[in-house]
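Examination of the molecular architecture
Chain by chain, the residues:
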Amino acid sequence: MSYDKTFSVEGGNFQAAGNVSSEIKGILKELGLPRDTVRRAAIVCYESEINIVSYAKKGQIVLHADDQSVEIEAKDEGSGIPDIELAMKEGYSTATAQVREMGFGAGMGLSNMKRYADDFFISSEVGVGTYVKMVVFNLDLKLHPDHPQWVDTYT
Amino acid sequence: MDLAAIVKALNLKVGCGGNALNREVKGGYVGDLLSDVIANSQEGHVWITRQIHQNIVAVASLKDLAAIILVQGSEPAPDTLEKATREGIPILIATDPGFEVAGKIYKLIST
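Residues numbered from 1 in each chain as written. Chains lettered and ligands numbered in written order. Predicted model: local features only at pLDDT ≥ 70, side-chain atom pairs only at ≥ 80, totals over all residues. Heavy atoms only, no water.

**A word on the interface of chain A and chain B**
It is common to give the size of an interface as the accessible area that goes away when the parts come together. With 23 residues of chain A at the interface, the matching set in chain B holds 23 residues. Buried area between chain A and chain B, both sides added, is near 1900 Å², and the carbon and sulfur share of it is 48%. Taken together, the links from chain A to chain B amount to two salt bridges. Across the salt bridge formed by Asp64 of chain B and Lys25 of chain A, the nearest N and O atoms sit 3.4 Å from each other. Linking chain A to chain B there are 14 residue pairs in polar contact (both at pLDDT 80 or more). Of all the secondary structure elements, the ones that give two or more residues to the side of chain A that touches chain B are helix 1 (19–30), helix 2 (35–55) and helix 5 (109–116) of chain A. Per-element accounting of the side of chain A that touches chain B gives the leading share, six residues, to helix 2 of chain A. (Contact = heavy atoms within 4.5 Å. Buried area = accessible area lost by both parts, 1.4 Å probe. Salt bridge = Lys/Arg side-chain N within 4 Å of Asp/Glu carboxyl O. Polar contact = N/O pair within 3.5 Å; in protein donor to acceptor, adjacent residues only side chain to side chain. Helix = DSSP H or I, 4+ residues; strand = E, 2+ residues; numbered from the N terminus.)

Pasting the structure below:
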């Protein structure tokens, strides 16, 4: 099994924010991937989608899913991140007051991506944009007959 | 304890999702910062918040939360209700402030 699809995300459109992630979650469920894989992929996708909406003019989310893993790439044309190390710190945010009022801009987006993905890569150029790649491994429960509860320990 | 029992005990108004009240509630999370809720809530939790815009539905749906409970009589925005109905997420409205809602539900499900 192999599935690829590219989605576009409009910067500043908070009405539509989350739609791509919902669609991707539906696709991954349809593909029959394990619940934990679907859940984690949807979460990292949502955080990257919200970042594009909050900080970029426009962007793309590229989904690749196969039997081994789900890859989510998010690339945008936006303000970029001057100090990635600082941006990765939980609680640090440059969100506007308007964005914060809606409950975004908690400074946890990037750290949530790192936390829920098995593999996380980020690069950014100020004034150009940001690229994030996240991989969620598709762990086959059949490999763990003695630990069927294992997937639920991820929180 | 299922959602219906909580609705009854706290006299909550059901904004939408009345057909999904048989769901088991395993706990809850309180917060208005969406990424905090994404990071720390768990499947089957009720989410107690003051946010009323439609992005709360995406968060609840992503985390498979049992319901969203709005506090102090906050009415959800119309597009929030539409989206929640589509996604099958119950939205419940409490007249009490968040502290009391959390306290009452905590007591209900831990006894």
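**Section: the environment of Asp119 of chain A**
Turning to its location among the elements, Asp119 of chain A is positioned in strand 4 (residues 119–125). Along the backbone, Asp119 of chain A and Phe137 of chain A are 18 residues apart, and their C-alpha atoms lie at a distance of 8.5 Å.

**Brief notes about the packing of helix 1 (residues 3–10) of chain B against helix 5 (residues 98–110) of chain B**
When two helices pack together, their arrangement is captured by the angle between the axes and the distance separating the axes. Residues and elements named next belong to chain B. It is at 11 Å that the axes of helix 1 and helix 5 come closest, and there the two elements cross at 130°. Classed by the angle they form, the pair helix 1 and helix 5 counts as oblique. The chirality of how helix 1 crosses helix 5 is right-handed. Each of Ile6, Ala9 and Leu10 in helix 1 lies in contact with helix 5, whose residues at this interface are Val101, Lys104, Ile105, Leu108 and Ile109. (Axes fitted to C-alpha atoms, helices over the stretch in contact; angles between N-to-C directions. Parallel < 35°, antiparallel > 145°, perpendicular 65-115°, else oblique. Left-handed = near helix turned anticlockwise from the far one by under 90°.)

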